[in-house]
Amino acid sequence: MTVRLSTLANGLRVVSDPMETVETVSLGVWVGVGTRYEAAEVNGVSHLLEHMAFKGTRRRDARAIAEEIEAVGGHLNAYTSREHTAYYAKVLKEDAGLALDIIADILQHSLLDAGELARERAVIVQEIHQAQDTPDDLIFDRFQETAFPRQALGRPVLGSADLVRDMPRDALVDYLGHHYHAPRMVLAAAGRIDHDSLVGLAAEAFSDLSDSSHAAREPARYVGGDCREARDLEQVHVVMGFEGISYDDADFYPLSVLSTLFGGGMSSRLFQEVREKRGLAYSIYSFPSCYTDGGLFGIYAGTGEDEAGQVVALICDEIGKLCDGVGEDEVARARAQLKASILMTLESTSARCEQLARQMMVFGRPLPVAEVVSKIEAVDPAVVARVATRIAGGQPTIAALGPIGHMESFEDITRRLG
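The rules behind each value
Once a new chain begins, its residue numbering starts again from 1 and follows that chain's sequence as written. With the structure being a predicted model, the display of local features is reserved for residues of pLDDT at least 70 and the display and counting of side-chain atom pairs for 80 or more, all residues being used for whole-chain, interface and lining totals. Hydrogens and water are ignored here; the side-chain numbers use all heavy atoms of the structure. Secondary structure elements follow DSSP: runs of H or I of four or more residues count as helices, runs of E of two or more count as strands, with numbering from the N terminus. The atom set for the radius of gyration is the C-alpha atoms, and the globule formula is 2.2 Å times the number of residues raised to the power 0.38. Using a 1.4 Å probe on the protein chains alone, a residue whose accessible area is under 20% of its type maximum counts as buried, one over 50% counts as exposed, and one in between counts as partly exposed. For this analysis, residues touch if any pair of their heavy atoms sits within 4.5 Å. Method for areas: the Shrake-Rupley scheme with a 1.4 Å probe, in which residue coverage is limited to the protein chains shown. The convention is simple: Lys and Arg are positive, Asp and Glu are negative, and His and the chain ends are not counted. By convention, the point assigned to a charge is CZ for Arg, NZ for Lys, CD for Glu and CG for Asp. To form a nonpolar core, buried Ala, Val, Leu, Ile, Met, Phe, Trp, Tyr and Cys residues must be joined to one another through side-chain atoms within 4.5 Å. Basic side-chain nitrogens of Lys or Arg form a salt bridge, by our definition, when they fall within 4 Å of a carboxyl oxygen of Asp or Glu.

Chemist: Just checking my understanding: could you explain the overall build of the protein for this structure?
Modeler: For the protein, the helix and strand inventory stands at 16 helices and eleven strands. Whereas a compact globule of 418 residues would reach a radius of gyration of roughly 22 Å, the protein reaches 23 Å, a difference of no more than 12%. Taken over the C-alpha atoms alone, the protein extends approximately 60 × 50 × 35 Å along its principal axes. By the burial criterion, 54% of the 418 residues in the protein qualify as buried. For the protein, long-range pairs separated by at least 24 residues make up 81% of all intrachain contacts whose partners lie at least 6 apart in sequence. For the protein, the accessible area works out to roughly 17700 Å², and carbon and sulfur atoms hold 50% of it. Taken together, the 40 basic and 62 acidic charged side chains of the protein have centroids lying 3 Å from each other.

Structure (structure tokens):
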């Protein structure tokens, strides 16, 4: 079977990946809007709207939404990121129509009831407080804000407690009406599903979506810098990194290979040098964060107060060594890890559905697995070293949280990286 793509008259794209050997279907709608589309005064509205979608429609109250999907053994969920918002379900194959109907209902006919809104604002404020009390989550928001200051891409997905607490209903209504349009949405499905039947159901279920499209957003402007907050914690949480690249950059796959060999697994350079050889950290890894027009490359470490300075110095040293060159064996190992990860996701309906939706959002088309694998296989040591030099040559971003007294200054760390 092959992936199929159709576009409805209103602009909604429908993509499916049939899997004849399974008994389930994962499906959902991905909307091309997230935190970076928010004005500063309504930061958090994307996430609040995602929550409110489940709080009742013209046909179903909040309890009915939960009971209908769970009555057939399915589950329904959603998430908000900086560029996308997703609403998705997993059900048995015979219940795909029900799951699609519920998702279509909450996306088009949510009441945004004032009473439900008051309760959900309070719930999200608690979620924000929980994040503030979780340093290994909070540090990534600090890193993001320092890399992209005073702009939507740098603001937290959850928003602030004050903004969410005072968010008026009109802000949600305006945001929904401005952004939730068919051309900015993808309906993706993977599993035991017939594409033509899915298209027919979608055409009926999503007939109330507007066919207009507004996609204005602030461009990414990487700045970088230093953000440190002293807290009475057992560990220092550090994220340091550089300006990254967009999804459609020619170096996207080389950067993925680089990140894997540098800090992507137990055999990676950072894991071996910092944890295995020296025992300086329990958790250390690198990661690329890519967007449609920019990105970040970062390294996270959680370590002790006395070890923090040494860990940061070692990370700087390893970045320098990475720019000096890498061996064919470790590049081959990283390529194998990436290929295996991609191929293993083919066994999961949820992972296939997510992958399809993301590819449609980013590239405008589903990418054949063979095409992705061939680009990974084309990455060689020379390319990895070149990309490392490209990434590490710019202004760094450093965020640290905890007992930070033993860390070097930003200027000293910058000199080490130079």
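Once you've had a look at it, read on.
Chemist: Looking at this structure, how should I read the nonpolar core?
Modeler: General note: in soluble globular proteins, nonpolar side chains tend to be found buried as a group. In this structure, Tyr 87, Leu 172 and Phe 206 are the most contacted members of the largest nonpolar core, which totals 54 residues. Considering every element that reaches this core, the biggest residue donor is helix α3 (residues 96–108), with eight residues. Counting 51 residues, the second largest nonpolar core, distinct from the first, contains Tyr 247, Ile 284, Val 372 and Val 387.

Chemist: Is there a simple way to explain the pattern of salt bridges in this structure?
Modeler: Pairing is possible between side chains of opposite charge, provided their charged atoms come close. Scanning the model with the defined rule gives 37 salt bridges in all. The salt bridge partner of Glu 23 is Arg 192, with a shortest N-O separation of 3.1 Å. Taken as a pair, Glu 23 in the loop between β2 (13–18) and β3 (24–31) and Arg 192 in the loop between β6 (185–191) and α8 (195–205) lie far apart in primary sequence, 169 residues in all. By relative accessible area, Arg 192 is classed as partly exposed at 27%. As a salt-bridge pair, Asp 162 and Arg 165 come within 3.0 Å of each other at their nearest N and O atoms. Pair noted here: Asp 162 and Arg 165 are both in helix α6 (residues 161–165), with a separation of three residues, about one helical turn. Of the residues examined, Asp 162 reaches a relative accessible area of 55% and is grouped as exposed.

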